[in-house]
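# Geometric and topological summary
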Amino acid sequence: KVNVSYSKQVTENNFNLLDSHDTSRILTIAGGDVKRIKLAYLFMLTHQGSPCIYYGSELLMAGVKGNGLEDNRSCMTFDHENQNFYQFMKSLIHLRHAHSEFKTLDNEWVNNASNVLAYNKGAITVLMNANSKSAKYDLLEIDKIDVLMKSDKTHIESKHVTLDPYGYCIFKRSK
């Protein structure tokens, strides 16, 4: 377990957000890199606290630029140009609602040699590869998994998961 400086009561009610009317939109912050934005939302929505999605970010809405400044308070656009990202967000929100483990405060951070961010929330494991190269995560002590969500090119074999660059995998362990 990791010691944190916030009390349990504060942590479980943290207001977590990636962008707002007072900051640049996440699309700008990530330089338009949708894979990195997915990892950021994946972490936020599988972590404790109260996630907040600023209007339009689920559609990858950009701030309107004028006079060299980004306007993050422009009107909502309802075009679903990036249907894949919108579906990703809907799936992630559904996953959070369907599995109470995502609301728990107890993260078991997993040390691994593969440079993959890995943590357990009860029987659920979240894996994220925030690197530009593929990475393997060993499943040596796990008999059976049910994949809840994964990136397109993530490959699962009997004893390891190969994550594509900026890839992810969420699975539930069963005996």
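Quick summary incoming for the structure in this document. Each chain has its residues counted from 1, following the order in which its sequence is written. Residues qualify for local features only when their pLDDT is at least 70, as the model is predicted, and side-chain atom pairs are given and counted only at 80 or more; totals for whole chains, interfaces and linings, by contrast, use all residues. Computation of side-chain values covers all heavy atoms of the structure but excludes hydrogens and water.

Each helix is a run of H or I in the DSSP string that is no shorter than four residues. Each strand is a run of E no shorter than two, and both are numbered from the N terminus. A tally of regular secondary structure across the protein gives four helices and twelve strands. Against the globule reference of 16 Å for 175 residues, the protein gives a C-alpha radius of gyration of 17 Å, in line with a compact fold. Seen through its principal axes, the protein has C-alpha atoms that stretch 55 × 40 × 30 Å. Contacts are residue-level and defined by heavy atoms, with any inter-residue pair within 4.5 Å sufficient. The long-range share in the protein, meaning contacts at least 24 apart out of those at least 6 apart in sequence, stands at 59%. Only carbon and sulfur atoms are counted for the fraction: they give 51% of the accessible area of the protein, which is about 10200 Å². Residues counted as positive are Lys and Arg, residues counted as negative are Asp and Glu, and His and the chain ends are not counted. By convention, the charge on Lys lies at NZ, on Arg at CZ, on Asp at CG and on Glu at CD. Taken as two groups, the 21 positive and 19 negative side-chain charges of the protein have centres that lie 3 Å from each other. To get the radius of gyration, use the C-alpha atoms; to get the globule rule, take the number of residues to the power 0.38 and multiply by 2.2 Å. Exposure was quantified through the Shrake-Rupley algorithm and a 1.4 Å probe, taking into account, for residues, occlusion by the shown protein chains and nothing else.

Pairing is possible between side chains that carry opposite charge, provided their charged atoms lie close to one another. Any Lys or Arg side-chain nitrogen found within 4 Å of a carboxyl oxygen on Asp or Glu counts as a salt bridge. All chains considered together, the criterion is met by four salt bridges. In this structure, Asp22 and Arg73 form a salt bridge, with 3.0 Å as the shortest nitrogen-oxygen distance. Of this pair, Asp22 sits in the loop between strand 1 (15–17) and helix 2 (26–29) while Arg73 sits in the loop between strand 4 (69–71) and helix 4 (83–98), placing them 51 residues apart in sequence. Each residue's exposure class comes from its accessible area (1.4 Å probe, protein chains only) as a fraction of the maximum for that residue type: buried when under 20%, exposed when over 50%, partly exposed otherwise. The class of Arg73 is exposed, set by a relative accessible area of 53%. A salt bridge links Asp33 to Arg36, with the shortest nitrogen-to-oxygen separation between them at 3.4 Å. On the basis of relative accessible area, Asp33 is assigned to the partly exposed category, the value being 25%.

What the five strands build is an open sheet, ordered 5-6-7-12-9; its pairing is antiparallel. In the strand order of this sheet, the two ends are held by strand 5 (108–109) and strand 9 (144–150), each with one partner. A pair of strands counts as paired when DSSP detects no fewer than two bridges linking them. Two elements, strand 6 (residues 117–121) and strand 7 (residues 124–128), share five bridges in a ladder whose sense is antiparallel. Directly across from Ala118, in strand 7, lies its bridge partner Leu127. Fitted lines through C-alpha atoms serve as axes, helices being fitted only where they are in contact, and the angles separating the N-to-C directions of these axes extend from 0 to 180 degrees. Against the sheet, helix 4 touches strand 9 and strand 12 (168–174), its axis set at about 135° to strand 9.

The residue Arg173 is located in strand 12 in this model. Owing to a relative accessible area of 24%, Arg173 belongs among the partly exposed residues under this scheme. Residues contacting Arg173, with those up to four places away along its chain left out, are Asn120, Gly122, Ala123, Ile124, Thr125, Ile142 and Lys144. Contacts described as polar in this section are N or O atom pairs within 3.5 Å, which, within protein, must combine one atom able to donate a hydrogen with one able to accept it, while residues neighboring in sequence count only if both atoms come from side chains. In terms of polar contacts, Arg173 uses its side chain to reach the side chain of Thr125, at 2.4 Å.

Once that is clear, we can look at helix 3 (residues 34–46). The α-helix winds at 3.6 residues per turn, so residues separated by three or four positions along the chain end up facing the same way. End to end, helix 3 covers 18 Å across 13 residues, agreeing with the expected 18 Å (1.5 Å per residue, within 8%). The distance from a side-chain oxygen at the start of helix 3 to the backbone nitrogen of Lys35 is 3.2 Å, and the residue carrying that oxygen is Asp33. For a helix, the expected span equals 1.5 Å multiplied by the residue count minus one.

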